[in-house]
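So you can see what is in the structure, the chains are spelled out below.
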Amino acid sequence: MTAITIEGVVRSFGVLRAVDDVSIAIRDKEFFTLLGPSGCGKTTLLRMVAGFCELDRGRILFDGERIDTLPPHGRNTGMVFQSYAVFPHLTVADNVAYGLRARRIAAVEVDRRIDHALKLVQLENFRPRWPHQLSGGQLQRVAIARAIVIEPRVLLLDEPLSNLDAKLRVEMRTEIRRLQKTLGITVIYVTHDQEEALAISDRIAVMRSGRIEQVAEPRAIYEQPATAFVAEFVGTSNLLRGTIQQRDGEMVDIMVAGVSVRTRAAAGLVGDRVVVSLRPEALSLLAPGEVLRAGWARIVGLLSEVEYLGPVTRFTVQLADGSPLRLMALAPPATAGEVIVAFDPGRAIVLEGSA
Amino acid sequence: MRSGLGRHAFPLGVVAIAVAFLGLFFLYPLLKVFGASLLDAQGTTLTFANYLSVLSNRFFLQGLTNSLTIAAAAAAFAILIGVPFAFVLARLPVGGKPALLALAALPLVLPSFVGAYALVLLFGRAGIVTGMLQSLGIPFESIYGAKGIVLVYAFTLYPYVVLPTVAAFKSVDVSVEEAAQNLGASPGRMLRTVTLPLVLPSILAGGLLVFIEALENFGVPFVLAEDKPILAVEAYKLFVGETASNPASAGVLGMLLIACTVAALLIQRGILARRHFATRARGATPLLAVSPPMRRLGAVYCWTVIVAALVPFATVVVVSLLEFRGPVLQYGLSLDNFAQLFQRSYRPLTNTVLLATLAAAGAAIIGVPVAYVVVRHRSRLSALLDVVATSPFAVAGTVLGIGLVLAYSSGFLILTGTWLIMVLAYIVRKLPFSVRSASAILHQIDPSLEEASVNLGVAPLATFLRITVPLMLGGIVGGLVLTFVTVASELSSTVVLYSGPWTTMTVAMFQALEGTSPGVASAAATVLIVFTVLPVALVYRLLRRHELSML
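Residues numbered from 1 in each chain as written. Chains lettered and ligands numbered in written order. Predicted model: local features only at pLDDT ≥ 70, side-chain atom pairs only at ≥ 80, totals over all residues. Heavy atoms only, no water.

Topic: the overall build of chain A
In terms of helices and strands, chain A carries eight helices and 20 strands. Along the first, second and third principal axes, the C-alpha set of chain A runs to 75 × 45 × 35 Å. The buried share among the 355 residues of chain A stands at 50%. Counting contacts in chain A only where the partners sit at least 6 residues apart, residues at least 24 apart contribute 65% of the total. Summed over all atoms, the accessible surface of chain A reaches about 16,000 Å², with 51% contributed by carbon and sulfur. (Helix = DSSP H or I, 4+ residues; strand = E, 2+ residues; numbered from the N terminus. Buried < 20%, exposed > 50% of the residue type's maximum accessible area, 1.4 Å probe, protein only. Contact = heavy atoms within 4.5 Å. Areas by Shrake-Rupley, 256 points an atom, 1.4 Å probe, with all protein chains shown as cover.)

Notes on the overall build of chain B
Across its full length, chain B carries 24 helices and two strands. Taken over the C-alpha trace, chain B has a radius of gyration of 25 Å; the compact-globule value for 551 residues is 24 Å, and the two agree within 12%. With respect to the principal axes defined by its C-alpha atoms, chain B has extents near 70 × 65 × 50 Å. Counting across all 551 residues of chain B, residues that qualify as buried make up 51%. Of the contacts made within chain B by residues no fewer than 6 positions apart, 78% connect residues no fewer than 24 positions apart. About 24,900 Å² of surface is accessible on chain B, with carbon and sulfur atoms providing 68% of the total. For chain B, the centre of its 33 positive side-chain charges and the centre of its 20 negative side-chain charges are spaced 8 Å apart. (Rg over C-alpha atoms; globule rule 2.2 N^0.38 Å. Lys, Arg positive; Asp, Glu negative; His and termini not counted. Charge placed at Lys NZ, Arg CZ, Asp CG, Glu CD.)

A short note on the environment of Glu124(A)
Residue and element names in this part refer to chain A. Relative to the elements of secondary structure, Glu124 occurs in the loop between α3 (107-120) and α4 (136-148). When its relative accessible area of 36% is taken as the criterion, Glu124 is described as partly exposed. Remark: the alpha-carbon pair of Glu124 and Ile114, spanning ten residues in sequence, is separated by 9.1 Å. Those residues in contact with Glu124, other than ones at most four positions away along the chain, are Leu118 and Lys119.

Some thoughts on the side chain of Ser493(B)
Among the secondary structure elements, Ser493(B) is positioned in the loop between α21 (460-488) and α22 (494-497). In this structure, Ser493(B) is in contact with Gly397(B), Thr398(B), Gly401(B), Ala425(B), Tyr426(B) and Arg429(B), ignoring residues within four places of it in sequence.

Points about the sheet that holds strand β2 (residues 16-26) of chain A
Residues and elements named next belong to chain A. Taken in spatial order, the four strands line up as β2-β1-β4-β5 in an open sheet, and their pairing is antiparallel. The open sheet has two edge strands, β2 and β5 (65-66), and neither has a second partner. With respect to the sheet, helix α1 (residues 42-50) is in contact with β1 (4-13), β2 and β4 (57-62), its orientation differing from that of β1 by roughly 120°. (Pairing = 2+ DSSP bridges. Axes fitted to C-alpha atoms, helices over the stretch in contact; angles between N-to-C directions.)

With respect to the nonpolar core
Core analysis: the largest hydrophobic core is formed by 249 residues, its most contacted members being Leu45(A), Ile60(A), Tyr158(B) and Leu224(B). At 15 residues, the largest contribution of residues to this core is made by helix α3 (residues 58-91) of chain B. Those residues within four positions of Leu45(A) in sequence are excluded, and the remaining contacts are Ile6(A), Val9(A), Val19(A), Val22(A), Ile24(A), Leu34(A) and Met207(A). (Core = buried A, V, L, I, M, F, W, Y, C linked by side-chain atoms within 4.5 Å.)

Comments concerning the interface of chain A and chain B
At the junction of the two partners, chain A supplies 30 residues and chain B supplies 24 residues. Three residues, Glu54(A), His73(A) and Tyr98(A), lead the burial of chain A against chain B; their summed loss comes to 28% of the area buried on that side. One can count one salt bridge joining chain A with chain B. Counting across the chain A and chain B interface gives eight residue pairs in polar contact (both at pLDDT 80 or more). Here the side of chain A that touches chain B is built from residues that sort into 13 nonpolar, nine polar and eight charged. (Buried area = accessible area lost by both parts, 1.4 Å probe. Salt bridge = Lys/Arg side-chain N within 4 Å of Asp/Glu carboxyl O. Polar contact = N/O pair within 3.5 Å; in protein donor to acceptor, adjacent residues only side chain to side chain. Nonpolar A, V, L, I, M, F, W, Y, C, P; charged D, E, K, R; others polar.)

Re the environment of Thr486(B)
Residues and elements named next belong to chain B. Topologically, Thr486 is positioned in helix α21. Overall, Thr486 belongs to the partly exposed group, its relative accessible area being 23%. For Thr486 and Leu108, which are 378 residues apart along the polypeptide, the C-alpha to C-alpha distance reads 8.3 Å. Aside from chain neighbours lying at most four places away, what touches Thr486 is Leu108 and Lys430. Polar side-chain contacts of Thr486 include one of 2.8 Å to the backbone oxygen of Leu482.

So, the domain arrangement of chain A
All names here are of chain A. Examined at the domain level, chain A breaks down into domain 1 (4-230) and domain 2 (236-352). Across the contact, seven residues belong to domain 1 and five residues belong to domain 2. Here domain 1 and domain 2 share an interface that buries about 560 Å² over both sides, 53% of which is from carbon and sulfur atoms. On the domain 1 side of the contact with domain 2, Tyr222, Pro225 and Ala228 bury the most area, a combined 77% of that side's loss. At the junction of domain 1 and domain 2, the tally comes to zero salt bridges. Element by element, the count of residues in the side of domain 1 that touches domain 2 is highest for helix α7 (residues 218-223), at three residues. Tallied by class, the residues present in the side of domain 1 that touches domain 2 amount to five nonpolar, one polar and one charged. (Domains from an automatic or database assignment.)

Overview of the pattern of salt bridges
If you walk through the whole model with that rule in mind, you get 29 salt bridges over all chains. For the salt bridge of Glu451(B) with Arg47(A), the shortest nitrogen-to-oxygen distance reads 2.6 Å. Of the two residues, Glu451(B) sits in helix α20 (residues 447-455) while Arg47(A) sits in helix α1, which places them in two different chains. Assessed through its relative accessible area of 15%, Glu451(B) is described here as buried. Judged by relative accessible area, which is 21%, Arg47(A) ranks as partly exposed. Asp115(A) is the salt-bridge partner of Arg127(A), the closest N and O atoms lying 3.1 Å from each other. Pair noted here: Arg127(A) is in the loop between α3 and α4 and Asp115(A) is in helix α3, with a separation of twelve residues, a long-range link. Owing to a relative accessible area of 22%, Arg127(A) belongs among the partly exposed residues under this scheme.

Below, the structure written as structure tokens:
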């Protein structure tokens, strides 16, 4: 039960600013994910919370009490490492007991808590096993049991699923989420996998070059990306340049790809150049003879590529200015050659700055 | 905000201790040697006269040429023997590979001058084989001189080529070989144009080790060179001096030896700088499918090399068990030679065990923390530490010995004649090995294991003891034993530094060589063989089991 406050945290390695003035407030019992490409500073930030990376500036607090001055072994955080870091010279039970013994907890209690933790990760019968006898998924469970058994103030997970195969990854992430809810623990989770982040998080911070691009709930991250980077990194997006032509309260008319699109935009003045994000699944092809829905916008283009992916089909339409528009539909397109792309202008997201 | 000095106290402390130790017992003595080479006979004025006189002396110039050609030839022959051996071990389906590898590595722990002595026993002027050949009327020119020395080096030092080359052959990414074949290269062409160039850096690294070892070796030329001048031996003779010590000329020869080693290192670096391959096999490199005759040929080749390398040592053991009357062999079994060897005292043996144990412990106590700092606390300082701690490797034992005597026979610290000066020399000489073997193990240990322990609430020092040390233990024990045995068979600095009561087994053998009876010398050699092979055999099995349990 811990709220985490990260305030103006900075860390440089030589000229590289790995973490560049980051401030985040993580709520108690929240599943908070740091998402971003490799080298964006997410792991560095996590290691700062754990104490393995010094802060050049800023501070970190648990429940209002400063912890960044504590040594890493005095912070009571449970960390699950990307490589699992299960001690190869200790049995499963001794691995799980390691942190408890460091806390000088009575043997009977240690025993009880090992059982409980192993039950939580479904490894009840693995107590006497050696790490080299376990599969990747089982090692992962040992690492998690070892981290939660000490009842840490926060659980830190550093890309814990990246070494597992795709199917196990989906299984384990559900399990981690279930465990977090059962234990009611605050989690910071680091990943570069946007689907994983969307699936398990209460909130996500998208990071880029040591800075936070956006902090929001998964739906808001996907549906209302704050920046072009977020729109492109989380899911795929068509980023088109446009100009604000008219403002009417919250609503603006934007000229984009030769058509005028009316949508919501909080900021931006008439004449401003903006970037408009259109998700592939927000676009559809108008079948021959089909009537455009009232209020929808249409763009004409040339169908150039079709990729059949099983459940969905992805295709690309070449616009008049040569730029590609990616679409996603449940069924393959019925037409070829010149096509009409239709969309609800309300789903066009206006981003500032250039793409 | 930063935890300040506390966090850096450990690496800084290690750096300070290591630098102080090496400064006192490595750099300062070398400086003394350098100083001696630049001082006139009175030791008062700086002069280049010593260099001029040595370099204009035909005898010493011949020594320089001899040393360099012999070392280069030794490296070339070791590569010729070692590369095919490594290839068979790494890539051909021959049986008994663990045994082959163990036996191939064995000469590394055996004292090479014992091998030289065995050659004398077999092919020397009064050698067993020489005698047999002569009695059959076959003329046989004895083995002394460059050819004998190169032969001994090639067969005792070839493991330096085999070990890295086996690893390199095994780590060649099989898909680049497949690509070569797919593009139309025959297996022979593929080996020549793809595989060999990829393993070349390892071959050169091994060859360089042979070159440096051959250059600094004292015992082998002492036994076999006769009147041929060799730098390492001449430096010793000049320094110890039958009539008067000549530290100036000895210093010049020492500096020449160091210059040769440094030049070789730089040349190797220059060659490798233009060839940096980061190949990494994705899986195990598969064995080549070859015809049964090829396979048998490979096996026969390997066993021939091993037998050729080990037979001399076996001969010495056998000879030590035979009866001698004076210098005359009687062909009856007896332990007289050993009785005679230990007649006066067991001290050489106890000295060897004691000094080697102290040196092994000392090298580990300094080397393991140094390796830890070098591997785990990457900084410019730790990189420098790495260079300084591994540089004793490039300095001949004789030269270090001379330096230590020059530095500590008078002044603020007098050590000459003590056991301590010998142990210090051994620690300095074995430190590179200790650091390298410990850092090799550390590289195998995922740093997040240590972080996991700290994260679970165990302070760094306790983590080092509970996680790092147990995980390193197998390697540390292995390193200790290897240091022990290589110190036990060390001669080049011992011969300069020992004093009467601190005679070692190597010195006892060295002295017995000058005696008449080969019996005592071979008994001393046998004791040395036992005391080097036995500990290694013991831990080798231990290490194997340890490795197997880690699989």
